[in-house]
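# Results of the structural survey
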Number of protein chains: 4
Amino acid sequence: MKMRANIFKGANKIGLEDRPIPKAGTGEAVVKVTLTTICGTDVHIMKGEYPVRAGQIIGHEPVGVIHELGDGVKGYKRGERVAINAITPCGQCGYCLSSNWAQCGGFLGGWKMGNTIDGCQADYVKIPNANANLAKIPDELSDEDVLFTTDIFSTGLSGAESADIKVGDIVSVFGQGPIGLSATAGAKLKGAALIITVDSIPTRIKMSKKMGGDIVLDYQKVDPVNEIMRITNGRGVDVAIEAVGLQESFENCVRCTRVGGTISSLGVYPAEIKKIGVPLPEFGYGIADKKIVSTLCPGGKERMRRLISLIKNERVNLKQFITHRFSLDEIEEAYRIFANQLDGVIKVAIKP
Amino acid sequence: MKMRANIFKGANKIGLEDRPIPKAGTGEAVVKVTLTTICGTDVHIMKGEYPVRAGQIIGHEPVGVIHELGDGVKGYKRGERVAINAITPCGQCGYCLSSNWAQCGGFLGGWKMGNTIDGCQADYVKIPNANANLAKIPDELSDEDVLFTTDIFSTGLSGAESADIKVGDIVSVFGQGPIGLSATAGAKLKGAALIITVDSIPTRIKMSKKMGGDIVLDYQKVDPVNEIMRITNGRGVDVAIEAVGLQESFENCVRCTRVGGTISSLGVYPAEIKKIGVPLPEFGYGIADKKIVSTLCPGGKERMRRLISLIKNERVNLKQFITHRFSLDEIEEAYRIFANQLDGVIKVAIKP
Amino acid sequence: MKMRANIFKGANKIGLEDRPIPKAGTGEAVVKVTLTTICGTDVHIMKGEYPVRAGQIIGHEPVGVIHELGDGVKGYKRGERVAINAITPCGQCGYCLSSNWAQCGGFLGGWKMGNTIDGCQADYVKIPNANANLAKIPDELSDEDVLFTTDIFSTGLSGAESADIKVGDIVSVFGQGPIGLSATAGAKLKGAALIITVDSIPTRIKMSKKMGGDIVLDYQKVDPVNEIMRITNGRGVDVAIEAVGLQESFENCVRCTRVGGTISSLGVYPAEIKKIGVPLPEFGYGIADKKIVSTLCPGGKERMRRLISLIKNERVNLKQFITHRFSLDEIEEAYRIFANQLDGVIKVAIKP
Amino acid sequence: MKMRANIFKGANKIGLEDRPIPKAGTGEAVVKVTLTTICGTDVHIMKGEYPVRAGQIIGHEPVGVIHELGDGVKGYKRGERVAINAITPCGQCGYCLSSNWAQCGGFLGGWKMGNTIDGCQADYVKIPNANANLAKIPDELSDEDVLFTTDIFSTGLSGAESADIKVGDIVSVFGQGPIGLSATAGAKLKGAALIITVDSIPTRIKMSKKMGGDIVLDYQKVDPVNEIMRITNGRGVDVAIEAVGLQESFENCVRCTRVGGTISSLGVYPAEIKKIGVPLPEFGYGIADKKIVSTLCPGGKERMRRLISLIKNERVNLKQFITHRFSLDEIEEAYRIFANQLDGVIKVAIKP
């Protein structure tokens, strides 16, 4: 039995190949993929900037239908619609049992699909630790409704959660790509009184307002830190969320955070810079009671249940991130559009 | 009425002068100082590295007896023995009402004595916001017993508290000067299962063991990060506390902290370096779920009551930090010994 | 200088009398009241159920204009518009310095106005600890906009905060009087995915939906616990908020809360019942990991600043609670309507 | 292959019978028991007060050696010494993935051994979810050293943890049976400044002092609440831990807890009383900001690793709880002694 799968073949070489449909081992499930997407991380993989094995299927954001259940997987049946998060913890190691599910087994260990095992830009995908990771989709929600619970919304929201945003806080979010937009939605859900976002791309600025941005600063027109300090009468924000992954935006976050406030870092910083620098005057030389937190996407089926519940009850609308739709056969074109941010793309949907 | 007071006269110039005994205004108290000490910060002031007004009385760690109570100060009477923390919050500003007492009114604003107002290396000192800051000393405790609650113990303990050390955690503390030793005591009080400390000065190594260091690493003999990784089987510590204030020790903290763990920064970093660098591989490029927290000394009379209660009930013995005793007249000699870390000094006690 | 003031004269006897305009002592302010309201607690006072001194001015929810500033009050000037919370902490006692501002000085000690000192159903009111308690009102907000930050909204929101509602939680709120409605708004602000509220009065049911109730159960038509268990597939809610103050509703909260969940109690229970009973099977005989938290209204000017910021940024609209408006001269009629819940009243506004 | 096993045969009927040695299924392990004990809960089971299936093997606190590993169990080998907590979570259900491991799958669901499946008062025991539950024992620790990590120490410590005891708190612990003694040790580990314990049995009073009780009140000689209020100058304790499971001691906890403090309930309350009553005046009629938390024993191998680490590093000595030692053949006698609290028994050790 064959299926189509998007294969990483070496730097800047991806493309469909035929592969055998996977078989579910003990504790595993095989899911027929009905919708997936491309993540910024997939672009890094494609470019050879993040190392995965040549020949591996990439993609880590599957929505689909249960095709096969391995031994020991209980409470599910073939044909049920499920979404699976990029992070698939085992639930049973020391890290998982310390609530560090994303770091299952060690650094970044919760991220398996499309990283250390075959991923989901394919007709079928094998899900490890299926008992802990298959999240059922309510009938009233479409695949598109829940697509972004599989990574970016969980990640963006976690930036607001890890920062412990309080009802009434003033929050800034640097970067309004998909993760940053999700962080904006997260800040709104946490009860921020005022959300100031920063980007310069028109489609993102427009979407930022829809997701909860009260004030959207275009960093090509104003200095965002100066502007935030002006808006907050020199006090700064309670929480600044970094959703770019660059020294400059990290630094801006430290600069605009009030004494006693929190910088929440979601970006993945480039290995070349070796260190991110915390600017000392604004970090109060270490005695300003500021905090820096960093967060990887929380996964597992319970997290997914909660995120899906937010969508079902219309707390957030993520479907509107989809600006482009492709079939699996068009995946190379989808990468081209997404990787180069062409045509006002925010997120793409890929339908096998 | 005159008193003796240690005056900052310009870089590297301090010394006793006669000054009028202060008068208590509304909400203030004047305390006759019976014991005080010299802080690392005072040394920075003396050297001109931290700016205070020339002519100002320095010192911020007073133990004494109430001499005069201003209008509106209630619940105290003349003659009572009190200790006052370096941090004297007003309790009534936006920062204080957000539980950011140390940052009363803004960055570093809780630190008033010897910084923005006259300090306590003198026969008398005026205490602002006396209702919030005079902590009574139980009869059974001596001045020396409580001396270090006024700054270093509160600071060191807060490094353990801000890191949210859990019972059973593995903790490392870099630097076993007075703050680091207090952080070690704090880690012990928080229930750390294993405490690994780092220093190289023999008297500090010895004291570190007394304060709770299970393993004390001499960084001149071993690479502390390698050694910590070896001891923890490659996992790293749950919490690393930085109590030096240098790039290298900060970096070591990030390096030896486990995925999902916390770096607690107590050191004051030198303005010259502009930025402290967070090493990216060990910070997991921003996605290792690591946290960096920083803390200024918590003050106020309730904090003091709790710290004094720990001493009264023999949870910690801070008096043993006193290696040298001087009269106020000998204060220049005391600075010489302490600033140059001569003669195995840990802390000095100054008796006016 | 005389003013009108609503006086408690003994059980069921209240009414306007002339009183001298108060004078601001050290740390105090006198505020000319421009708007106030009647609280459920005021009704208990009127009926003699909660003891206050006969002859005292009642009322504890003032909005007004600064009339006089006492010695030591800084950062304000005569004529500024301010709102003051029912809870006016000193900020300087052991309780305040432990973040227990509502319990300033001891049980219920934060509540001073209309309880232990003269209140604000009058032309003028004296505010204790003015530095900690005068919250400025932005020009763009009317008195009516901010009126309910002075008590009920702070209280209701705190029920959601103390319960530590997480984004994605399912929450029930028992009782949709003014406090319960505010708790519903609070649950929404905290990011609850589904909010199930319980009441039976038509105007409250209607308002409940406006404040965030997704499902409003009429307890005269359905058994709310059964219904909640049905809706949640037998799991129960993550958080149940009690906003009635009766054994039955408290018990219902315990009954419908999931294993590991939290009951948040806002109601004031009647002294006659001596004990509130925690039903054992649903409390899991003590081993279901359930929590019961109780909360008094958080006050102080920083809390007020945050609440006002939520209103300014249109996170919540409290003005719509005002169903009836009276002049101070009509206050007895206002009590009659409000105490007897006539005419679909939710809250009244009193304009001196 | 036969083994001996202690069987529940009906109310007040237990005793050894021969049973087949269990076989490890997928994800399971079989452990040869080298040491176990009797829990208060076992006594309830024996008396027929807590329902288990007649014919079931009882006991839930095993220390032993791995005998057989089922399919999918990784990272272990036959012959390794392990301890297993009474609570054996799956790690993969919605409750586990919400950090409610003790309530795995629903109320009390984490407790399987000797409850819903065969237990460990036997030569061998089958461990479910072995990957999540087998905790290795370091060579330097004996079976007796770690025996009480399997239930009572985890439970008692969790009473201190759930209450969020802060360094410097004053804590009372009602009941100094094995759980209460462990809670006392937990309060000490959390940094309580003063620990006041309550019991009347001489051996417990003596042991209480060893575990951290600064003041031990004999409730047959003094009224413990009055005495605690006297010692705390009328303020009450920050945290009161209930470790008896009776209305009276629960009530005493509420009574002696300060405004804003926490009651931590560990006891299992008798089903007959239907409700536990929260005394209203001392609960401040619901507005004293008091909290009541309840906790079931946290289990799983990571919890066990941490507890064992505390013992290895001599933070706590639990072995001293063993007052009586029996072979498995003597188990009926062991129950007689333990159930009737004869001969100053604290805990028994049973060696198969």
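Residues numbered from 1 in each chain as written. Chains lettered and ligands numbered in written order. Predicted model: local features only at pLDDT ≥ 70, side-chain atom pairs only at ≥ 80, totals over all residues.

## Examining the overall build of chain A
A count of helical and extended segments in chain A gives 10 helices and 16 strands. Overall, chain A is about 65 × 40 × 40 Å in size when its C-alpha atoms are taken along their principal axes. Restricting the contact set of chain A to residue pairs at least 6 apart, pairs at least 24 apart contribute 71%. (Helix = DSSP H or I, 4+ residues; strand = E, 2+ residues; numbered from the N terminus. Contact = placed C-beta atoms within 7 Å.)

## Comments concerning the packing of helix α4 (residues 152–162) of chain B against helix α5 (residues 178–189) of chain B
Each packed pair of helices is defined by two parameters, the angle between the axes and the distance between the axes. Residue and element names in this part refer to chain B. Two numbers describe how α4 lies on α5: the axes approach to 7 Å, and their chain directions differ by 50°. As the angle between them shows, α4 and α5 are arranged oblique. Between α4 and α5 the crossing geometry is right-handed. The residues of α5 that touch α4, namely those facing Ile-152, Phe-153, Thr-155, Gly-156, Leu-157, Gly-159, Ala-160 and Glu-161, are Pro-178, Ile-179, Gly-180, Leu-181, Ser-182, Ala-183, Ala-185, Gly-186, Ala-187 and Leu-189. (Axes fitted to C-alpha atoms, helices over the stretch in contact; angles between N-to-C directions. Parallel < 35°, antiparallel > 145°, perpendicular 65-115°, else oblique. Left-handed = near helix turned anticlockwise from the far one by under 90°.)

## Description of the pairing of strand β9 (residues 194–199) of chain D
Residues and elements named next belong to chain D. Taken across its 6 residues, β9 has 6 buried, putting it largely inside the fold. Because side chains alternate across β9, one face comprises the buried residues Leu-194, Ile-196 and Val-198, and the other comprises Ile-195, Thr-197 and Asp-199, equally buried. The sheet contact formed by strand β8 (residues 170–174) and β9 spans 5 bridges and is parallel. Bridging across to β9, Ser-172 finds its partner in Ile-196. Crossover β8 to β9 through helix α5 (residues 178–189) is right-handed. Between the parallel pair β9 and strand β10 (residues 215–218), the chain is carried across by helix α6 (residues 202–211), and the sense of this crossover is right-handed. (Buried ≥ 20, exposed ≤ 12 C-beta atoms within 10 Å, placed from the backbone. Pairing = 2+ DSSP bridges. Right-handed = clockwise from strand over helix to strand, strands pointing away.)

## Overview of helix α4 (residues 152–162) of chain C
Residue and element names in this part refer to chain C. For α4, the tally of buried residues reaches 11 of 11 residues, placing the bulk of the element in the interior. For α4, every residue scored as buried is listed here: Ile-152, Phe-153, Ser-154, Thr-155, Gly-156, Leu-157, Ser-158, Gly-159, Ala-160, Glu-161 and Ser-162. Two residues or fewer after α4 comes Asp-164, characterised by a positive phi angle close to 55°.

## Section: the relation of the copies chain B and chain A
At an RMSD of 0.0 Å, chain B and chain A line up after a rotation of 180° and a shift of 0.0 Å along the axis. Such a combination of rotation and displacement between the chain copies is what one expects of a two-fold axis. Closest to the rotation axis within chain B is the C-alpha of Gly-277 of chain B, separated from it by 2.1 Å. (Least-squares fit on C-alpha atoms with pLDDT ≥ 70 in both.)

## Focus: the environment of Asp-139 of chain A
Of note, Asp-139 of chain A is situated in the loop between β7 (135–136) and α3 (143–146). A sequence separation of 58 residues divides Asp-139 of chain A from Arg-81 of chain A, and the C-alpha atoms of the two residues are 8.5 Å apart.

## Structural notes on the sheet that holds strand β5 (residues 81–83) of chain B
All names here are of chain B. As summarised here, the arrangement of the 5 strands in space is β6-β3-β4-β5-β7, forming an open sheet in which the pairing is antiparallel. Of all the strands in the sheet, the pair left with one neighbour each is β6 (124–127) and β7 (135–136). In this structure, strand β4 (residues 63–69) lies alongside β5, joined through 3 bridges in antiparallel fashion. Each bridged residue has a counterpart across the sheet, and for Val-65 the counterpart in β5 is Arg-81.

## Thoughts on the interface of chain B and chain A
Each side of the interface is counted separately: chain B has 37 residues, and chain A has 37 residues. Where the side of chain B that touches chain A is concerned, the elements lending two or more residues are β12 (257–265), β13 (275–279) and β14 (291–294) of chain B. Split by residue class, the side of chain B that touches chain A holds 19 nonpolar, 13 polar and 5 charged. (Nonpolar A, V, L, I, M, F, W, Y, C, P; charged D, E, K, R; others polar.)

## Describing the interface of chain A and chain C
Taken residue by residue, the interface counts 16 residues in chain A and 16 residues in chain C. Put simply, the parts of the chain that give the side of chain A that touches chain C at least two residues each are α4 (152–162) and α9 (301–312) of chain A. Examining the composition of the side of chain A that touches chain C, we find that 4 residues originate from one element, α9 of chain A, more than from any other.

## Some remarks on the relation of the copies chain A and chain C
Placing chain A over chain C gives an RMSD of 0.0 Å and needs a rotation angle of 180°, together with 0.0 Å of translation along the axis. Both copies contact each other with a shared surface, as 100% of the interface residues of chain A are interface residues in chain C too.

## Thoughts on the sheet that holds strand β11 (residues 237–242) of chain A
On the basis of which strands lie adjacent, the open sheet formed by 12 strands has the order β10(A)-β9(A)-β8(A)-β11(A)-β12(A)-β14(A)-β14(B)-β12(B)-β11(B)-β8(B)-β9(B)-β10(B) and mixed pairing. Either end of the sheet is taken by a strand with one partner, and the two such strands are β10 (215–218) of chain A together with β10 (215–218) of chain B. For this sheet the average axis-to-axis angle between neighbouring strands, irrespective of direction, equals 15°.

## A closer look at helix α7 (residues 224–231) of chain C
All names here are of chain C. For α7, every residue scored as buried is listed here: Pro-224, Val-225 and Ile-228. Taken down its axis, α7 places every buried residue within 100° of arc, on the same side. Residues of α7 that are exposed and point over 90 degrees away from its buried face: Asn-226 and Arg-230. Residues of α7 that are buried sit in contact with β8 (170–174), β9 (194–199), β10 (215–218), β11 (237–242) and α8 (247–256). (Arc of directions from axis to C-beta.)

## Let's talk about the domain arrangement of chain A
Residue and element names in this part refer to chain A. Partitioning chain A into domains gives domain 1 (2–151 + 297–351) and domain 2 (158–294). If you average the C-alpha positions of domain 1 and of domain 2, the two centres end up 28 Å apart. The interface is formed by 9 residues belonging to domain 1 together with 8 residues belonging to domain 2. Taken together, the residues of the side of domain 1 that touches domain 2 break down into 5 nonpolar, 2 polar and 2 charged. (Domains from an automatic or database assignment.)

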